Amino acid sequence: MTDPFQNVDAAGPEFIKIFADTMEIRQSDPTMEALVAGYLSRLDFAKDSLTVEIGAGAGAVTRRIAKHAAPAQVIGYEPSAGFVKEARARAPNFDNLRFEQADGATLPVADNSVDNAILHTVLTHVVAPETLLAEAARALRTGGWLVVADVDFSKAALASAANDPLDCCAKEFVRTYVTDPHLVGRLRGLIADAGLRLDHFDVQSRVIITEAQMLPWVEITTRDMVTRGLIGQGLADALIAEHAQRAADGRLYGYQAIATAIAQKI
Ligand SMILES: C[S@@+](CC[C@H](N)C(=O)[O-])C[C@H]1O[C@@H](n2cnc3c(N)ncnc32)[C@H](O)[C@@H]1O
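Residues numbered from 1 in each chain as written. Predicted model: local features only at pLDDT ≥ 70, side-chain atom pairs only at ≥ 80, totals over all residues. Heavy atoms only, no water.

The name an unreviewed UniProt entry gives the chain is Methyltransferase domain-containing protein, with Marinovum algicola as the organism.

Right, dumping it as structure tokens:
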């Protein structure tokens, strides 16, 4: 199965609705909120500046950026028409934010015209991340800033013991919904190859201890595995119940490592 995030419209309206909601849940997580607040605090948003989020999805992060940047303008570029429609519907009251349909490889902006370009959990879902980084570098003005925030999916886990059966949900998600789980390991090199100067790189832990944080992963991956005939409905129900029980008992433990890289066009 190819990562559906490579072509969200082809994945269909149900996928769009589920992942629009899932990305809202993820962005409301205090760890994710702190991570976004952290990188936004390192950028400048002068009144006449332009910030773009590339691969904006349904706009959960773009709205957060626009609140911080106001009154400066923010554009969310997103290749999926379905996500653009969701993003516009979810952001009715902003006068400094708009969403446009565009692929990150061909942004409809002039050279040297963007002050801040943000790629938030996008590069792990594309086949050629170097193309998107080169395009962001083209769009940025000299002195402008690139932010890449992405999950090191090679470390994603939902395990409290060796061969923990619940971990199959995390591993299946990475196998089927991620294009390059090791992207973060190559990120600093990719940024250097794009001609940008790295200013900051860190990796933070997102720990999953409540049911809502990872429940969509467990529901989606178990449903997919049933559909593909890999497991029966009984096992799917048991995994969801185990996840709920661990959360209720205070024993749930999932893990994601999330990198933030900030680089400047010089
Ligand atoms: C996991 S979602 C993240 C969405 C959003 N940044 C967020 O964090 O809420 C990945 C996004 O990357 C987008 N994407 C995939 N290929 C892309 C490309 N070539 N250019 C720009 N965006 C792309 C997908 O359409 C999807 O919206």
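Core analysis: the biggest nonpolar cluster contains 56 residues, and Phe19, Tyr39, Leu40, Leu43, Phe83 and Phe153 have the highest contact counts within it. Apart from the residues within four sequence positions on either side, tyrosine 39 is in contact with Val61, Ile118, His120, Val147, Ala149, Thr260 and Ile262. By size, the runner-up hydrophobic cluster in this structure holds 29 residues, among which are Leu50, Tyr77, Leu132 and Leu140. (Core = buried A, V, L, I, M, F, W, Y, C linked by side-chain atoms within 4.5 Å. Buried < 20%, exposed > 50% of the residue type's maximum accessible area, 1.4 Å probe, protein only. Contact = heavy atoms within 4.5 Å.)

What follows deals with a nonpolar patch on the surface. Residues Leu198, Phe201 and Val203 make up a contiguous nonpolar surface patch of roughly 220 Å² in combined accessible area. Inspection of the secondary structure assignment puts leucine 198 in strand 6 (residues 196–208). (Patch = residues over 30% accessible without salt bridge, like charges linked within 9 Å, V, L, I, M, F, W, Y side chains within 5 Å. Areas by Shrake-Rupley, 256 points an atom, 1.4 Å probe, with all protein chains shown as cover. Salt bridge = Lys/Arg side-chain N within 4 Å of Asp/Glu carboxyl O. Helix = DSSP H or I, 4+ residues; strand = E, 2+ residues; numbered from the N terminus.)

Our focus in this paragraph is the side chain of arginine 206. Among the secondary structure elements, arginine 206 is positioned in strand 6. According to the relative accessible area criterion, arginine 206 is buried, its value standing at 2%. In terms of polar contacts, arginine 206 uses its side chain to reach the side chain of aspartate 29, at 2.9 Å. If near-sequence neighbours (up to four positions away) are discounted, arginine 206 is found in contact with Arg26, Asp29, Thr31, Met32, Gln213, Gly254, Tyr255, Gln256 and Ile258. (Polar contact = N/O pair within 3.5 Å; in protein donor to acceptor, adjacent residues only side chain to side chain.)

A few words now on the site of the ligand. Neighbouring the ligand are 20 residues; Glu53, Gly55, Glu78, Gly104 and His120 lie closest to it. Interatomic distance of 2.7 Å between a side-chain N/O atom of glutamate 53 and a nitrogen atom of the ligand. Within the side chain of aspartate 103, a nitrogen or oxygen atom sits 3.1 Å from a nitrogen atom of the ligand. A per-class count over the shell around the ligand returns 10 nonpolar, six polar and four charged. (Near = heavy atom within 4 Å. Nonpolar A, V, L, I, M, F, W, Y, C, P; charged D, E, K, R; others polar.)

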